[in-house]
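Okay, here's what each chain looks like letter by letter:
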Amino acid sequence: MPAPVPYRPIPVDQSDVRYAHGPDSVVQPGVPAGETVEFEWTASTVYPGTSRRIRVHVPAMYDPSEPAALMLFQDGGLYLDPGGEVRAAVVLDNLIHRGDIPITIGVFVDPGDFEVDAEVNHRKNRNVEYDAFDDRYVTLLLQEIIPQVTKRYSVSEDPDRWGICGGSSGGNCAFTAAWLRPDRFRRVIGFLSSFAQMPGGNPYPDLIPTVPRKPLRIFLQAGHRDLRWNEPDGNWLASNLRVAAALAEAGYDFRLVLGDGGHSPNHGGVLLPDALRWLWR
């Protein structure tokens, strides 16, 4: 007999909703904090002239003799901020300590910047990197960024132990990375993914059913009041629903969670502990 889900009334106003974080998103007594180290990457051959910050969160339980799982996050600074909406390092520490997920090294990658003015001005390369339907960004990860991690830490080579996460454009970026390279990334989280603004249009609703099913496990979150939610074109909500429908029709191991509110990292951040538990179940 399945456990009953407690009753909760749904909000009447979908446009102004905020979700409360659960205990897994808060520093807990007795849970040792992992160590976060930071470095800058300026030697990219995939995106020449860009610089980006990389932060690596190593859990307290990490043992170099036991290769760790790997979870990679786009918009790294946003996802790592302990006072922000996602709080990924806190979540990783809590879940690893309790044994809910394997010992996992978190890699937090910021999008690239082009320096325009040495004083203050930089030009973001985020949308070029994240929204494109090509293999440049995943090549950056596999050939440039992750080797900087694996030369410092022991990481499993098993693609079933590699995951990738992102929100907004970072969400479709994570999906594309795993779609193009399922030999490396097989667990995917996409929060409010910006499939709607991919150059040339969202390819996945038509593409997913036409190719052999890939060995992916995918967690998607969408918002009822995401960008252009009631518009005929460029509709973030509709694009996510179409991707989810294609995954369902193609028999993928996926989960879709719908929430209220707009284009905010709040709901995805609150869901991160459950998303990770579901991915690693």
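Scroll up for the structure.
This one's a predicted model, so the numbers in the text were calculated from it and none came from an experiment. (Residues numbered from 1 in each chain as written. Predicted model: local features only at pLDDT ≥ 70, side-chain atom pairs only at ≥ 80, totals over all residues. Heavy atoms only, no water.)

(A) Here's a closer look at helix H8 (residues 266-279). Helix length check: H8 (14 residues) gives 20 Å between terminal C-alpha atoms against 20 Å at 1.5 Å per residue, within 8%. At leucine 272, H8 is deflected by roughly 50°, the largest bend along its length, and proline proline 273 occurs up to four residues later in sequence. Burial of H8 is extensive: 12 of the 14 residues sit out of reach of the surface. Turning to H8, its buried residues are Asn266, His267, Gly268, Gly269, Val270, Leu271, Leu272, Pro273, Ala275, Leu276, Trp278 and Leu279. (Helix = DSSP H or I, 4+ residues; strand = E, 2+ residues; numbered from the N terminus. Expected span 1.5 Å × (residues − 1). Bend = angle between axes of the 7 residues up to and from the residue. Buried < 20%, exposed > 50% of the residue type's maximum accessible area, 1.4 Å probe, protein only.)

(B) Fine view of the pattern of salt bridges. Inspection of the entire model under this criterion finds 18 salt bridges. The shortest N-O distance in the salt bridge between arginine 52 and glutamate 129 comes to 2.8 Å. Taken together, the positions of arginine 52 in strand E2 (residues 50-58) and glutamate 129 in helix H3 (residues 126-130) put the pair 77 residues apart, joining distant regions of the chain. Like arginine 52, the residue glutamate 129 is buried in the burial classification. (Salt bridge = Lys/Arg side-chain N within 4 Å of Asp/Glu carboxyl O.)

(C) Here's a closer look at helix H4 (residues 136-150). Its 15 residues place the ends of H4 20 Å apart at the C-alpha level, agreeing with the 21 Å of an ideal helix rising 1.5 Å per residue. Within H4, the axis deviates most sharply at leucine 142, by approximately 35°. Most of H4 is tucked away: 11 of the 15 residues are buried. What H4 keeps buried is the set Tyr137, Val138, Thr139, Leu140, Leu141, Leu142, Glu144, Ile145, Ile146, Gln148 and Val149.

(D) Region of the structure containing the environment of phenylalanine 195. Tracing the backbone shows phenylalanine 195 in the loop between strand E8 (187-191) and helix H6 (204-207). Along the backbone, phenylalanine 195 and tyrosine 137 are 58 residues apart, and their C-alpha atoms lie at a distance of 16 Å.

(E) Summary view of the side chain of threonine 50. Mapped onto the fold, threonine 50 is located in strand E2. Reaching out from threonine 50, the side chain makes a polar contact with the backbone oxygen of tyrosine 47 at a distance of 2.7 Å. Excluding residues that lie within four positions of it along the chain, threonine 50 makes contacts with Trp41, Thr42, Ser44, Gly112, Asp113, Phe114, Asn125 and Glu129. (Polar contact = N/O pair within 3.5 Å; in protein donor to acceptor, adjacent residues only side chain to side chain. Contact = heavy atoms within 4.5 Å.)

(F) Spatial organisation of the packing of helix H2 (residues 88-98) against H8. Closest axis-to-axis distance for the H2/H8 pair is 10 Å, and the angle between their directions is 45°. One way to sum up the angle between H2 and H8 is to call them oblique. With respect to the hand of their crossing, H2 and H8 are arranged in right-handed fashion. In this structure, H2 uses Ala88, Val91, Leu92, Leu95 and Arg98 to contact H8, whose residues at the interface are Leu272, Pro273, Leu276 and Arg277. Of the residues in the contact of H2 with H8, the class split is seven nonpolar, no polar and two charged. (Axes fitted to C-alpha atoms, helices over the stretch in contact; angles between N-to-C directions. Parallel < 35°, antiparallel > 145°, perpendicular 65-115°, else oblique. Left-handed = near helix turned anticlockwise from the far one by under 90°. Nonpolar A, V, L, I, M, F, W, Y, C, P; charged D, E, K, R; others polar.)

Purely geometric stuff here, so don't read any function into it on its own.
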